[in-house]
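Geometric and topological summary
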Amino acid sequence: MKSLERLQRLFLQALEASMGEPEWNRQPDRLYAPQRYILAMGGKRLRPILALMGAESVGAKAELALPAAHAVERFHNFSLIHDDIMDAAPLRRGQATVHERWGLNTAILSGDALFVLAYKALESAPKSAQPDLYRVFTRTALEVCEGQQWDMDFEHEDQVEEGAYLRMIRYKTSVLLGCALEMGVLSGGGSTELAKALYSFGLELGTSFQIHDDLLDAFGDPQKTGKQAGGDLIQGKKTLLWIELGRRSPDRLREALALNGTERVAFLLEALETTGVRAYGEQRRRAHYDLALEALGQAGQLGASVGDLGELSEWLFSRDS
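Thresholds applied
Residues numbered from 1 in each chain as written. Predicted model: local features only at pLDDT ≥ 70, side-chain atom pairs only at ≥ 80, totals over all residues. Heavy atoms only, no water. 1 Å grid on protein atoms, 1.4 Å probe; cavity = no way out; pocket = protein on both sides within 12 Å on 5 of 7 lines; lining within 4 Å. Points joined across faces, edges and corners; volume = space filled by probe spheres on them. Helix = DSSP H or I, 4+ residues; strand = E, 2+ residues; numbered from the N terminus. Axes fitted to C-alpha atoms, helices over the stretch in contact; angles between N-to-C directions. Parallel < 35°, antiparallel > 145°, perpendicular 65-115°, else oblique. Left-handed = near helix turned anticlockwise from the far one by under 90°. Contact = heavy atoms within 4.5 Å. Nonpolar A, V, L, I, M, F, W, Y, C, P; charged D, E, K, R; others polar. Patch = residues over 30% accessible without salt bridge, like charges linked within 9 Å, V, L, I, M, F, W, Y side chains within 5 Å. Areas by Shrake-Rupley, 256 points an atom, 1.4 Å probe, with all protein chains shown as cover. Salt bridge = Lys/Arg side-chain N within 4 Å of Asp/Glu carboxyl O. Lys, Arg positive; Asp, Glu negative; His and termini not counted. Charge placed at Lys NZ, Arg CZ, Asp CG, Glu CD. Buried < 20%, exposed > 50% of the residue type's maximum accessible area, 1.4 Å probe, protein only. Core = buried A, V, L, I, M, F, W, Y, C linked by side-chain atoms within 4.5 Å.

1. Examining empty space enclosed by the protein
Going through the model one piece at a time under the given rule, you end up with one cavity of 30 Å³ or more. Around the largest cavity, the lining residues are Leu205, Ser208, Phe209, His212, Arg285, Leu316 and Phe317. Among the elements of the structure, α9 (192-219) and α16 (307-318) are those that each provide at least two residues to the lining of the largest cavity. Counting residues per element, the lining of the largest cavity draws most heavily on α9, which supplies four residues.

Here it is as structure tokens:
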């Protein structure tokens, strides 16, 4: 995707340039070094790119949405620092997590500071859009925290309904994708109606994206995903697959709980196939993807240029990592 590569370069150049600004080189350095570290780790940069595409969809220059792109990327990485602490995760993208490298207390504080810097990024956004940008960003930041709490709550619940799970992943993952698009449109001077249409697109695309992640965790190639095979199954995470298997075959789920490690994974993979749960997961991710395309079509009817977003959504739907 030429547009994806072009906007990745634009954002990465802006990110690299920002690292030379005074706000990243304040003292004490131990507070800011972890932020530079996690922001340099890489990844798809999906959220900032969506912000830039949002601006371009209304005929504006992508550069107008760079403050929004910085805001969502900083917030996303703040959430990763804190998520890794809560999950006691030793690695992030194949490297030591911030709390492993700098210690728990510094990681918490550095994440907090990165959250503040996410808001600070919006100071450079177009002045006329700032009130709406702050409103959208504040709403989303709170929703992401709510989603993370629901995710942690599920660890202590024996049964989770599919509706509750979908609500959790929408808040924990999808709303930030929608927020990036909405803020990109607003930064580019687009209408509130159009911003809402692309927000809905991002919400459904993010939901499909997360269900796809559930499937890749179970059935993906670890060499491509970079994750432990069946990691969610080993931990007993209440993913859509786990929930649906419990609904269809509670006896098999109980049998799985008596197993550990690779034995549990092998048992569950066979169960997910034979009970039709894998096929159900594919059906659900396709359903949300179709809803995303429907919202994208509505944005097109409102005058947005949505070709690049359509290509991006197709690429995300067909990914294997």
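What follows picks up the thread again.
2. Quick look at the packing of helix α12 (residues 240-248) against helix α15 (residues 277-301)
The angle between the axes and the distance between the axes are what describe a pair of packed helices. Interaxial distance between α12 and α15 falls to 10 Å at its minimum, and their mutual angle equals 130°. Between α12 and α15, the interaxial angle falls into the category oblique. Crossing hand, α12 versus α15: right-handed. Facing α12, whose interface residues are Leu240, Leu241, Glu244, Leu245 and Arg248, α15 presents Val277, Tyr280, Gly281 and Arg284.

3. Section: the layout of surface pockets
Where empty space is left can be seen by rolling a probe of water-molecule size over the atoms. Volume-wise, the second largest pocket comes out at about 440 Å³. Along the walls of the second largest pocket sit 17 residues, with Asp158, Gln159, Val160, Gly246 and Leu253 positioned nearest its centre. Elements with a contribution of two residues or more to the lining of the second largest pocket: α12 and α13 (250-257). Residue contributions to the lining of the second largest pocket peak at five residues, all from α12. Residues that form the lining of the second largest pocket fall into these classes: six nonpolar, three polar and eight charged.

4. Let's talk about a positive patch on the surface
Judged by side-chain charge, Lys44, Arg93, Lys227 and Lys237 come together as a positively charged surface patch. Among the structural elements, Lys237 can be located in the loop between α11 (231-235) and α12.

5. Here we look at the side chain of Thr106
By the secondary structure assignment, Thr106 is in helix α6 (residues 104-121). Overall, the relative accessible area of 19% leaves Thr106 in the buried class. Those residues in contact with Thr106 that sit more than four places away from it in its chain are Arg30 and Pro34.

6. Some details on the nonpolar core
Ranked by size, the top nonpolar core spans 79 residues in total, and within it Leu52, Phe137 and Phe201 carry the most contacts. Every residue in contact with Phe201, bar those within four places of it in the chain, is listed here: Leu181, Ala292, Ala295, Leu296, Leu309 and Ser313. Phe154, Val160, Leu240 and Trp242 belong to the second largest nonpolar core, which has 23 residues in total.

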